[in-house]
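The residues making up each chain are set out below.
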Amino acid sequence: MEIRILDLNVWYGNEQALKGITADVPARQITAIFGPSGCGKTTLLRSLNRLLEEADGTRVTGQVWLDGTDIYGRGVDVTEVRTRVGMLAPKPFPLPMSIYDNVAYGRRIHGLHGRLDKGNGRNLDRIVARYLQAAGLWEEVEGRLHAPASGLSSGQQQRLCLARALAVEPEVLLCDEPTSALDPISAQRIEEQLVALKEGMTIVVVTHSLQQARRLADHVVFLWMGELIEAGASAQVFQAPKDERTQAYLAGDVG
């Protein structure tokens, strides 16, 4: 699913966090949003599934088009938006339940279990296994699916959160610093899973790491003080940036 952002502005109270952002996010690619701290990366990411509305005093103008629908348009079902656009947070937050129930949780609360799984427990078993496999966790947990998720390592917990996000079958996956709390080996596993997943969905990643953006991204968006400075194919932006601010940031002279 392609995402089209048109003249997006965001305020937290009287402070404007995003200023007239217009950008396209290509379908079935990994787009990395990067820039210095406080430039609006997470704000832009959270605008793509309307999570911004959870903060008091937030005001949004502009449009975000998903598959021909402006998610900020009148009458749009926010719950449906957040089902279609999944989220992986910076730190793993497994629910206080079993590994199995963590993965099944989203399907149950969104009513997908009864509608798509036909009330068939065996079919749900297959679905849980499928998304644990997609998250690269199945072989490590298949013998203890009903054990508490809290017993997993941090890296395993983050992959469990990825499986939980995937289980509602989103068309877009948003990742906010998804490896920032992980050791290098666990981070590498998450990166590998994201690369494998992009064939079937659009992925947007916020990262502070230029190295990670270079490794993962097909397309990049560079923000500076709430403004979009440069966007395009990652090879073009990293190898031949057009704006002086992008050049300075990539060279490590600022930020």
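Provided above is the structure to which this section pertains.
Residues numbered from 1 in each chain as written. Predicted model: local features only at pLDDT ≥ 70, side-chain atom pairs only at ≥ 80, totals over all residues. Heavy atoms only, no water.

Caption draft 1: Just the sheet that holds strand β7 (residues 172-176), in detail. With respect to topology, six strands assemble into an open sheet ordered β6-β7-β8-β3-β9-β10, the strand pairing being mixed. Each end of this open sheet is capped by a strand with a single partner; those strands are β6 (85-88) and β10 (227-233). Adjacent strand axes in the sheet meet at a mean angle of 15 degrees when their direction is disregarded. Here β7 pairs with strand β8 (residues 202-206) via five bridges, running parallel. The residue bridging L174 from the neighbouring strand is V204, located in β8. Across the sheet, helix α7 (residues 154-166) lies against β6 and β7, angled at about 170 degrees from β6, the strand it touches most. (Pairing = 2+ DSSP bridges. Helix = DSSP H or I, 4+ residues; strand = E, 2+ residues; numbered from the N terminus. Axes fitted to C-alpha atoms, helices over the stretch in contact; angles between N-to-C directions. Contact = heavy atoms within 4.5 Å.)

Caption draft 2: Region of interest: the packing of α7 against helix α8 (residues 184-197). Direction vectors running N to C along α7 and α8 enclose 20 degrees, while the axes themselves pass 9 Å from each other. As judged from the angle between their axes, α7 and α8 are roughly parallel. The element α7 and its partner α8 pack so that their crossing is right-handed. In this structure, α7 uses G155, Q158, R159, L162 and L166 to contact α8, whose residues at the interface are S186, R189, I190, Q193 and L197. Of the residues contributing to the contact of α7 with α8, the split by class is four nonpolar, four polar and two charged. (Parallel < 35°, antiparallel > 145°, perpendicular 65-115°, else oblique. Left-handed = near helix turned anticlockwise from the far one by under 90°. Nonpolar A, V, L, I, M, F, W, Y, C, P; charged D, E, K, R; others polar.)

Functional significance is not addressed by these values, which are geometric in nature.
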